[in-house]
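# Per-entry structural report
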Amino acid sequence: MVYITRKERFNAAHKLWVSEWSDEKNEEVFGKCANANWHGHNYDLFVTVKGKPDPVTGFIVDVKKLSKIIKREVTDQLDHRNLNLDVEFIPKGLQPTTENLVVLIWKQLEPYIDGCKLHCIKLYETENIYAEYFGEED
Ligand code: NI
């Protein structure tokens, strides 16, 4: 089994907030991500698929095609958007954390991965923090 990864980027705004909590508690739990008037992140998205290299092409997947799918299903819908309000595939009321985004991105992409298997969605929110999802329910 061989793994290959395509990297894509998007920029988006969000706010992490629980309306039942006080401003102080929201700031304590979510820090800068609780800023009342939104803030942005430069996200780095890594999509890894796995399979056996084709005997003729040597490819597991045509990464140009994979990139088009990622753009169509994910980054075009997230880039320069407000993740709390603007994105159809993010349920309203769900905190748009990196942890929740990797699961939603997996669900967006998985039906379109053909001839290989989706292995991992890895999303950097900052250069120091990333979340990964391998398709496991628990
Ligand atoms: Ni944030």
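In this report, we go over the structure that sits alongside the text. Every value quoted in this text rests on a predicted model; they were computed, and no experiment measured them.

For the rest of this paragraph, the subject is the side chain of E8. Considering the arrangement of structural elements, one finds E8 in strand β1 (residues 2–14). Note on E8: relative accessible area 6%, which makes it buried. Separated by 2.7 Å, the side chains of E8 and S67 make a polar contact. Beyond its immediate chain neighbours, meaning those up to four positions away, E8 contacts Y43, D44, L45, S67, I70, K71 and T75.

Here we come to the coordination of the nickel ion. Protein-derived ligands of the nickel ion are H14 (NE2), C33 (SG), H39 (NE2) and H41 (NE2), with the metal-ligand distances lying across 2.0 to 2.1 Å. Coordination at the nickel ion comes from four donor atoms whose angles at the metal span 94 to 126°, giving a geometry best classed as tetrahedral. When the donors of the nickel ion are listed by position in the chain, the intervening gaps give H-x18-C-x5-H-x1-H. The same class applies to H39 and to H41, which are both buried.

Reading the values: rules and limits
Residues numbered from 1 in each chain as written. Predicted model: local features only at pLDDT ≥ 70, side-chain atom pairs only at ≥ 80, totals over all residues. Heavy atoms only, no water. Helix = DSSP H or I, 4+ residues; strand = E, 2+ residues; numbered from the N terminus. Buried < 20%, exposed > 50% of the residue type's maximum accessible area, 1.4 Å probe, protein only. Polar contact = N/O pair within 3.5 Å; in protein donor to acceptor, adjacent residues only side chain to side chain. Contact = heavy atoms within 4.5 Å. Donors = N, O, S within 2.8 Å, 3.2 Å for Na, K, Ca; no water. Tetrahedral: all angles 85-135°; square planar, octahedral: opposite > 155°, others 65-115°.

By themselves these figures say nothing about function.
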